[in-house]
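# Observations on the model geometry
Each chain, written out:
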Amino acid sequence: MPVGYAWMPLLINGRVNVGDQAIAVATNNPSGYLASEQLGLGKGSSGPDIKWNDGGKPLFKFNLRLVSTVYTKDQHLHNFFQHCQKIEETGSLAADMDTSNKLKTLHAVESGTLIQFLPTVLNQLFRLLPLTNSEDVALNAVRVLVHIVCEASEVEKIDMLRSYSKYVFVTIPTVSSKSRTIHEELAKHLTSMLRPQSADFLVINKFLLHSWFFFEILVKSMSQHLLETGKIKSPRNERFPSNYQYRIQTLLQHIVPHITQKYKELPEATKNANHSLAIFIKKCFTFMDRGFAFKLINMYIENFNPGDSRVLQEYKFEFLRLVCFHEHYIPLNLPLMKRGHIKSYKDMRHDYTLSEEFRKQHFLVGLLLQAVKSALNEVKVIRAQAISVLRDLLAKHEYDDRYSTKTQQGRIASLYLPFITIILENKHRLNIGDGQSSPGAMNGDVSGEMIGDRSSIAPSLVSQRSTLSLQQSETIQTLQNMSGSGSVKLPRDSAVLAMIAGTAPQASSLSISDPKPILNGSNSSLASSKASSESVDKDPKDTPKSNGKHDSERRPSRVKMRRSPSYSMGGQQGQSSPIGMPRYDKLDQKEVKDLLICFMYIVKNLPEEVLLGWFNNSSEYDIIDFFNILEMCIQQFKYSSKKIIHKLSMIADSQKAHTLPTRKGPVDMFSHSRAASDIKTKRNTQLLESSGALDNVLLEGNFACEVGMIALDVIALYSANFKEQLQFREGDNSLMRKVFDLHLLFLQTNQSESILKHAFAALRSFINKFAKILFRGNATMCANLCYELLRCGNSRLPSTRSEACALLYLLMRSNYEFNKKKSFTRVHLQVIVSVSQLISDVVGLSTLRFQESLSIINNYANSDKGMQRTCFPLEVKELTKKIRTVLMATAQMKEHQNDPEMLVDLQYSLAKSYSSTPELRKTWLDSMAKIHIKNGNLSEAAHCYIHGVALVAEYLKRRGAYPQGCRVFKNISTNVEADESEGQEDFGMQDVQYTNESLIEMLEEVAEALEKAERYELLGEVYKLIIPVYEERRDYQKLAQAYSILHSAYTKIVQVSLSGKRLLGKFFRVALYGQNFFEEEDSKTYIYKEPKVTGLTELCQRLQCLYTEKFGKHTVRLIKDSNKVNMKDLDSRFAYIQVTYVEPYFDERELEDRQTDFERNNNVRRFMFETPFTKDPKKAHGSVDEQYKRRTILTTSHSFPYVKKRIMVVYHQDMELTPIQVAIDQMQKKVVEIHEVVSMVTPDMKKLQLKLQGSVGVQVNAGPLAFAEAFLDKSKLRNYARKFTNSLKDIYRQFVQVCGIALELNGTLIMTEQMEYQESLKENFRNMVSKLEDIFDEKLFSDEDGKSISLDSTNRTSMSLFNVISSPTSQA
């Protein structure tokens, strides 16, 4: 039963009545009670009669809390809603001051309240924009919108904003053409808010941070407007009025400066604004005139310049990335081929360069390529972002199911043709690093199986590499993010697998018709058309010209030509604006790989007629650079084995490496039985499968094959269509050399069996096409091909050996047929040379495998029915027999490969045996030079080159081209004429093609080697042969370079002469004893020349270690004296080595000619060492008058330096010196040593004091006195011949004089603290002179004499000193 009744109004003046309430309670509830109203002033109430409890006192007290999405308790928000309702009811425009005030008060509303009424508030604010004529009202509305969006974001309600823009927002329907729309007004007033004169920096910063919301509203309003008005079916340039386009353009012009100027203080806000703007412009392509969208992009890009900060550059490329990932990016770029009016490929030159016309015709791709080109001159971070944008875009093209046909991909690749020019301009910066392989790496050393033929190789080049790369996650994640925003959809169904497998159905051809000016209209229609093919125009005038430079190296030549970065194809000046000075720093490994992947995608998909057009429009320099880039691709993406890929995958998983380095050497092959090999292979396969690395192995292998096949296709295409250019000057041109080098590169780098089969097929085609070049032109190509085929004939892979043997046999037969079935002289000679080269390089020839290959070649010759009635099979048999003979040296080479002296001796013997075949002899001389360089024997390496060039000179003499022959080198080395003039001609001379040009090149190489060996004096003799040729050619640049080298060399001679620090090597006598160990070398004596300052102990240790390793431990003993060895005293169980330090020996006449240190160390054949002894056999040393000395003079077969560092001694001569002769010899040495020190232009005080201490010091002056007392005392003079005593007296007189000069010189050099030391030396000197005067009974020195012969330090010369020493001394 109710106690009473109470009621109250919920709305008071339109607002919900909430809070604490107190109302009266009625006892009854009559009809019409809600109409009851208190009249006040005690007058009661109107309406029905109501009885109140307790006289109508407010007995019922309670509190009301509002829970509503319709009504708000916030006064400011309530007033705003009420005002908006009033405007809608009356239909008046909100232009009064009250509206502005109501909007301003919304800034005071709490964020929770705003979130609660977010859709309603936003709807009212957006609807208010087209309903007001007041700029102030609209501007305040926009500011409130910015505030509300910022508040919602701060409380993490961005999802509500996105839901609103996607599902809730609805634009105001337009009643007439004059009706204003939300997108028009929003664009207008956002611009007003951003203007500097009305700028509120806090609001602007908030807008930049959350600009995405407003751009989405703009796009949503635009799309709804087009749908409601039906203008979606209208042409794009008629959908929106021009004033709206102007407003969008103005909005962009006001936003971009804030981005470019505030990126430092507001990094997050500017980054978001840049991203949002890119998304907006990208969506403009869907609704607006695309020419206008291009204009917006162009206006944006114009605000960025080369050299901008890293952040701005990142903004630019993020913008380009988003815009270029538009779903209709390809049609937007107008991938058209000109048809109908093309007369030649030159009419299409603008399609091949990044010209102004290209950028107008293909706007987006031109803009991207120009930005990438500019970014390559920036720092690493910017370069990486630019390259990744291009790489990801090309990957997107590969993934796109809409353009899966070959024709469509060809049209797309044609859009990126200018990228080829860009990468050529930066070729010098492509540092391939570890990706570059050594030509010596064996193809057969890869323990991998065939990956599959070409049909099984995935054609999706970039997509495979993106999957394979260790940075794959970044690329795929980027694409997935794009997909999330509607930019690109990655196929995830069976169509993807079909595309990768190459079995996807062919779609219709891609084409765009009716092109219009790119900035003035719409180009959205697609029409099917077929790609037109043009025939290749061959112009004889375009025949390349080459300098015909002879390449005598064993490896393929590498053409190096400089190319200006601004140089465009066809010699035309590029029309692109300059971007600053080119950079020369190297790109890192990842950048190089990404650039090369982009390059390979373009080259792979380009139609043949387009690629041929590029070749026709390009200069010879550009084509060679193009092939250089192709070569880098082959080297960078060469094949690696499963083992290596798995290892690198494990490294990548541990985050120790971010790029995939290439293999540096051959894989360790299995040396066990087949069963053990199968077990090991199975275990490795299980490991790969368990770790998930097997996919990487397959992808790496397939990718390497794909790159190789692309390269082979391009080479074959060029060779087939430009045969005339390649045959110019019988193939002696840069283009032919480069194309041939690319063929050989597949044999020089690690490749799979699959790609090698195609490479061998390409080489067979090359031999058939260019037999004239191989067999009549320069022999270098044939030589290099023979070398690589023989090397492949030693491969561990049976298939590779078989292919190599077949190709080598084809080469022999082709040469035989080319010579009209007379002989195959060229191949015969080059095969022998190549075998010698293989052995000399010590590449580890397997005799078994190589013999098997030779047998295969013999079988081909014997089973070839077409050659059975000729002498061809017999010649092949003779050739293989010669090869087997040469192979016999392999065992000895391997046995002594750790003994550099013996290894060089063996190669020297082979070189000597080929004196009648210059090419073979030079091969072994070059090999010896390599060994010498490896061991630091630079002088010997230089003389190997000297003998090589002398050999060529003698060959040219016999051909009448160089009359002097090898005699011109007699001033450089006395060995040359004897070694190189004995050759006799044989059939091998017929195919040697040395010229005067190659002679000069080799002389330049000799000069470089002599300079490295610090034998500067010989450079003058070498350039005496070179300079006349330069003068005859009028090659002033070479002349200037030559004289500059000579100037530098003579300057160094002066410097080392003054310093006395010339290190030309040391000489040692080495005798070997032990028939059981040294065999033929037993009891032979050699002179060893060791580099720099090698000591006796160091050489002894080296030889002992060397022969201990060869003969075994405890079998080698050193003989530690220089006495004659009695063979009977030696134990046959041991090997004995005797090492003695020796010095060059010259007689008096030779010393007159050899005045410098260099002359006494060059062209020396006689050496000397001394052995002290006494008449008592039991002791070697005795008193002064008992001491004898044996001087042994050794003469070698050749003079040093030579092509060998050890030369056999052919003559011994012993001389015994009596005690007085020993004294004369010792005193002569002292006089000469002191004389050399005091004769130095720049005095060396340390050396001077050492010599004085050893001559007049108190401890040792007993030595000079001892000789005088023993031999010149009056009581002993009669015991010795008068000529010896007189000679000894003369030497003492010189000794006293030179010591006096040395003391005076020392007095001028010392400081104050050494005066006491100087006085001590003088006192010792006076005592020594006094004693000598008593013995001589004559005056030897006086103070006046000292003063008279003392030389002023500033005027003293070596000649005046020599005159003082040589002047006669008066007898007492």
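Only a predicted model underlies this, so the values are computations on that prediction, with no experimental measurement involved. (Residues numbered from 1 in each chain as written. Predicted model: local features only at pLDDT ≥ 70, side-chain atom pairs only at ≥ 80, totals over all residues. Heavy atoms only, no water.)

## Some details on a nonpolar patch on the surface
On the surface, a cluster of nonpolar side chains totalling about 390 Å² of accessible area is made up of Leu10, Leu11, Val70 and Tyr71. You can see tyrosine 71 is positioned in the loop between β6 (60-64) and α1 (75-90). Exposure remark for tyrosine 71: the relative accessible area of 38% places this residue in the partly exposed category. (Patch = residues over 30% accessible without salt bridge, like charges linked within 9 Å, V, L, I, M, F, W, Y side chains within 5 Å. Areas by Shrake-Rupley, 256 points an atom, 1.4 Å probe, with all protein chains shown as cover. Salt bridge = Lys/Arg side-chain N within 4 Å of Asp/Glu carboxyl O. Helix = DSSP H or I, 4+ residues; strand = E, 2+ residues; numbered from the N terminus. Buried < 20%, exposed > 50% of the residue type's maximum accessible area, 1.4 Å probe, protein only.)

## A few points about the packing of aromatic side chains
Within this structure, the stated rule accounts for 48 aromatic pairs. Measuring from ring centre to ring centre gives 4.8 Å for phenylalanine 60 and phenylalanine 62, while their planes differ by 35°; the resulting arrangement is tilted. Taking the relative accessible area as the measure of exposure, phenylalanine 60 reaches 40% and is therefore partly exposed. Site record: aromatic cluster; members linked through ring pairs are Phe126, Tyr164, Phe169, Phe207, Trp212, Phe213 and Phe214. Against the face of tyrosine 1188 rests lysine 1175, its NZ or CZ located 4.6 Å from the ring centre. The ring of tyrosine 1086 is capped by arginine 1206, whose NZ or CZ atom sits 4.3 Å from the centre of that ring. (Phe/Tyr/Trp six-rings, centres within 6.5 Å; stacked < 30°, edge-to-face > 60°. Lys NZ or Arg CZ within 6 Å of the ring centre and 35° of its normal.)

## A look at the pairing of strand β10 (residues 1135-1144)
Across the 10 residues that make up β10, a large majority, seven, are buried. Note: strand β7 (residues 1066-1073) against β10, seven bridges, orientation antiparallel. Pairing of phenylalanine 1068 across the sheet is with tyrosine 1141, part of β10. Relative to β10, strand β9 (residues 1116-1119) runs parallel, the two being bridged by four bridges. Bridge pairing in β10 places arginine 1117 opposite tyrosine 1136. Note: β10 against strand β11 (residues 1164-1173), two bridges, orientation antiparallel. Pairing of glutamate 1143 across the sheet is with methionine 1168, part of β11. (Pairing = 2+ DSSP bridges.)

## As for the nonpolar core
Grouped together as the largest cluster of nonpolar side chains are 289 residues, with contacts concentrated most on Phe126, Ile297, Tyr416, Phe599, Phe615 and Phe626. Ignoring anything within four residues of it in the chain, the contact list for phenylalanine 615 reads Ile623, Phe626, Phe627, Val714, Tyr718 and Phe722. (Core = buried A, V, L, I, M, F, W, Y, C linked by side-chain atoms within 4.5 Å. Contact = heavy atoms within 4.5 Å.)

## Concerning the pattern of salt bridges
One pass over the full model with this rule turns up 55 salt bridges. In this structure, arginine 162 engages glutamate 216 in a salt bridge whose closest nitrogen and oxygen atoms are separated by 3.8 Å. Of the two residues, arginine 162 is situated in helix α6 (residues 158-168) and glutamate 216 in helix α9 (residues 211-229); the sequence distance between them amounts to 54 residues. When salt bridges that share partners are traced, they join Glu1170, Lys1189, Arg1191, Asp1225 and Lys1229 into one network.

## So, the environment of tyrosine 621
Within the fold, tyrosine 621 resides in helix α25 (residues 620-636). You can call tyrosine 621 partly exposed: its relative accessible area is 44%. When the C-alpha atoms of tyrosine 621 and serine 734 are compared, they prove to be 9.1 Å apart, with 113 residues separating the residues in sequence.

## Let's talk about the packing of α1 against helix α2 (residues 97-105)
Direction vectors running N to C along α1 and α2 enclose 145°, while the axes themselves pass 9 Å from each other. For the pair α1 and α2, the crossing hand works out as left-handed. For the pair α1 and α2, contact is made by His76, Asn79, Phe80, His83 and Ile87 and by Asp98, Thr99, Lys102, Leu103 and Thr105, respectively. Residues that form the contact of α1 with α2 fall into these classes: three nonpolar, five polar and two charged. (Axes fitted to C-alpha atoms, helices over the stretch in contact; angles between N-to-C directions. Left-handed = near helix turned anticlockwise from the far one by under 90°. Nonpolar A, V, L, I, M, F, W, Y, C, P; charged D, E, K, R; others polar.)

## A look at the side chain of asparagine 605
Mapping asparagine 605 onto the fold places it in helix α23 (residues 589-605). On the basis of relative accessibility, which here comes to 12%, the residue asparagine 605 falls in the buried class. A polar atom in the side chain of asparagine 605 sits 2.9 Å from the backbone oxygen of tyrosine 601. Non-local contacts of asparagine 605, meaning those with residues more than four positions away in its chain, are made with Glu398, Gln409, Gly410 and Ala413. (Polar contact = N/O pair within 3.5 Å; in protein donor to acceptor, adjacent residues only side chain to side chain.)

## Some thoughts on the confidence of the model for the chain
Caution is warranted with low-pLDDT regions, since their predicted coordinates should not be read in detail. Summing up the model confidence of the chain, the mean pLDDT is 78 and the portion of residues at 70 or higher is 78%. Low pLDDT (under 50) marks residues 339-346, which in the prediction has 20 contacts with non-local residues, meaning those over four places away or in another chain. Every residue in residues 434-580 scores below 50 in pLDDT, and together they form 363 contacts with partners more than four places removed in sequence or on other chains. (pLDDT = per-residue confidence, 0-100.)

## Focus: α6
Within α6 the residues assigned to the buried category are Leu161, Tyr164 and Ser165. Each buried residue of α6 sits inside an arc of 90° when the element is viewed along its axis, so together they form one side. The outward face of α6, more than 90 degrees from its buried face, is lined by the exposed residues Lys166 and Tyr167. (Arc of directions from axis to C-beta.)

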